[in-house]
Amino acid sequence: MATSTYACVRDYERQALSLLDRQTGDFFYGGADNEQTLSDNTADFKRLRLRPRMMVDVSNINMKTTLLGHEVSFPICVAPTGMHKLAHPDGELATAKAAASLQTGMCLSTASSVKIEQITENVPEVLLWFQLYVCKDRDMTRQLVKQAERAGCKALVITLDRSMHGNRRRNIRNKFSIPPHLRFKILDSLETPLLDKKGNDYAFLNTIFKVTVTCEYIRWITTITDLPIVAKGVMSGVDAVKALESGCKAIYVSNHGGRQLDEVPSTISVLSEVVKAVNGRAEVYLDGGVRTGTDVLKALALGARAVFVGRPPVYGLAVAGEEGARNVLTILRNELKLAMQLSGVTDVEDVPQSLVTYAARL
C-alpha cells in the first residue's frame, strides 16, 4: 500500500501495527492495566462537538504560533516517546528531520535511542526540547541538564508522573524486552558508578529515576539552568499552580498516554480546569488521544497553546521512516487547517471557547 493512499492517522496506525512484531506493536500502542485511560484519551475528544460560525472570510488562515518565544508553523509538535529505533533503524533522527521539514517542534525523551547531539548536529534547524526524567542522584540529573544545554535544546520538560513504571499488561504478557543492540543512548553517556551499563529495559530505569518529583526538586533544577522548565504530567489546576510557583514557565497536560496510572481522567477533560487555574500566566500544552485535526482544534478552543502527538509519528516512522512521520504530521496539519476554515476560525491563536460544546448538550 503506497503511503499516498493513507488518508488519516488511523491508516498509519493500522499499517504500523501490521508491520511491527507483536511485542513492539503492543509496546507502542498499549497502556496501563485495563487501558481505560488510554481509551478515554481518544474517546473524550469525540464527546465534544464543534459549533461552526458562518459568514466568516476564511480565505487567509494563520497557523503559526510561538512556543516559549520560538515560532512553529502550526501548533502540533512531536511528544517525547522512547526508543524510536524499535520502529525504524533511523529512530529519533528521522522523526526530528520530519518535524524540522515542516517547521514544527519535537521533544526528545530521556529514553531516546539516539543521543541529543546526534539530533542537533544533523538537524540543527529543528526546535528541540528535552524531556527530563529526574534521577535519584542529583549529579545524574545535572549531567542530563547540561547535555541538553550543550546540545542546544530550548527547554526542559520535566515529567512529573513517573514515580514508578506503570503496570503495562501487554508488555508482561509478551515478556517485552528491548533488543540488545538498542541502548538508552542519552543515559549511556552519563558518568556515574550508579549506572549499570548493562541495564537495557524499562524496569531498570526504576533503579535510576527519582520516585517523587517535589516542588523543592524543581526549584533546585531552576538554580542549575537558564532553560525554561515545562511541567509535564499536570492533571489538575492545583498542581498547575504549584508548578508555576516552583519556577516552571509552562504547563503540559498529560497522563503519559495512559501508560502510568490507569483510570485517571483523559487530558482533554481536565484541560479547561488547568487553563483556568493558570489564568494566562503561562502557556498550556496537551498530549494524549490527539488523532485528528478536529481534536487539535478542540484543544485550542479549550485553551491549549499547542498539542503534542506521541504515537502517531512513531506509527508513520514504522511504515515509511522519515517520510511516514512527515506524512502523519502533514495529515494532522492539513486536517486542522480545513477544520478551521469550515468552522469560521482564521487564527490558531484566536480560537473561541464557544466553538466547542458537549454532545449531550446539543
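Whatever comes next refers back to the structure up there.
Residues numbered from 1 in each chain as written. Predicted model: local features only at pLDDT ≥ 70, side-chain atom pairs only at ≥ 80, totals over all residues. Heavy atoms only, no water.

### Description of the nonpolar core
In summary, soluble globular proteins display a tendency toward joint burial of nonpolar side chains.
Thinking step 1. Ranked by size, the top nonpolar core spans 108 residues in total, and within it Ile76, Ile116, Phe130, Ile221, Ile251, Leu271 and Leu336 carry the most contacts.
Thinking step 2. With 12 residues, helix H14 (residues 311-343) is the largest single contributor of residues to this core.
Thinking step 3. With residues up to four places along the chain from it excluded, the contact list for Ile116 reads Leu108, Leu128, Phe130, Gln147, Ala148, Ala151, Cys153 and Ile186.
Thinking step 4. Ranked by size, the runner-up nonpolar core spans 15 residues in total, among them Val72, Val157, Ala250 and Ala306. (Core = buried A, V, L, I, M, F, W, Y, C linked by side-chain atoms within 4.5 Å. Buried < 20%, exposed > 50% of the residue type's maximum accessible area, 1.4 Å probe, protein only. Helix = DSSP H or I, 4+ residues; strand = E, 2+ residues; numbered from the N terminus. Contact = heavy atoms within 4.5 Å.)

### Brief notes about the packing of aromatic side chains
Thinking step 1. Inspection of the entire model under this criterion finds nine aromatic pairs.
Thinking step 2. Relative to Tyr285, the ring of Trp129 lies with its centre 5.6 Å away and its plane at 50 degrees, an arrangement referred to as tilted. You can see Trp129 sitting in strand S6 (residues 127-132) and its partner Tyr285 sitting in strand S10 (residues 283-287), a full 156 residues away along the chain. Here Trp129 and Tyr285 have matching classes, each one buried.
Thinking step 3. Here a set of aromatic residues connected by ring pairs shows up, and it is made of Trp129, Tyr252, Tyr285 and Phe308.
Thinking step 4. Here Arg138 stacks its cationic end above the ring of Trp220, 5.0 Å away from the centre of that ring.
Thinking step 5. Against the face of Phe27 rests Arg259, its NZ or CZ located 5.2 Å from the ring centre. (Phe/Tyr/Trp six-rings, centres within 6.5 Å; stacked < 30°, edge-to-face > 60°. Lys NZ or Arg CZ within 6 Å of the ring centre and 35° of its normal.)

### Details of the pattern of salt bridges
Thinking step 1. On inspection of all chains with the given rule, the structure shows 14 salt bridges.
Thinking step 2. Residue Arg170 pairs with Glu35 through a salt bridge whose shortest N-O separation is 2.6 Å. Of this pair, Arg170 sits in helix H7 (residues 169-174) while Glu35 sits in the loop between helix H2 (22-29) and helix H3 (36-46), placing them 135 residues apart in sequence. (Salt bridge = Lys/Arg side-chain N within 4 Å of Asp/Glu carboxyl O.)

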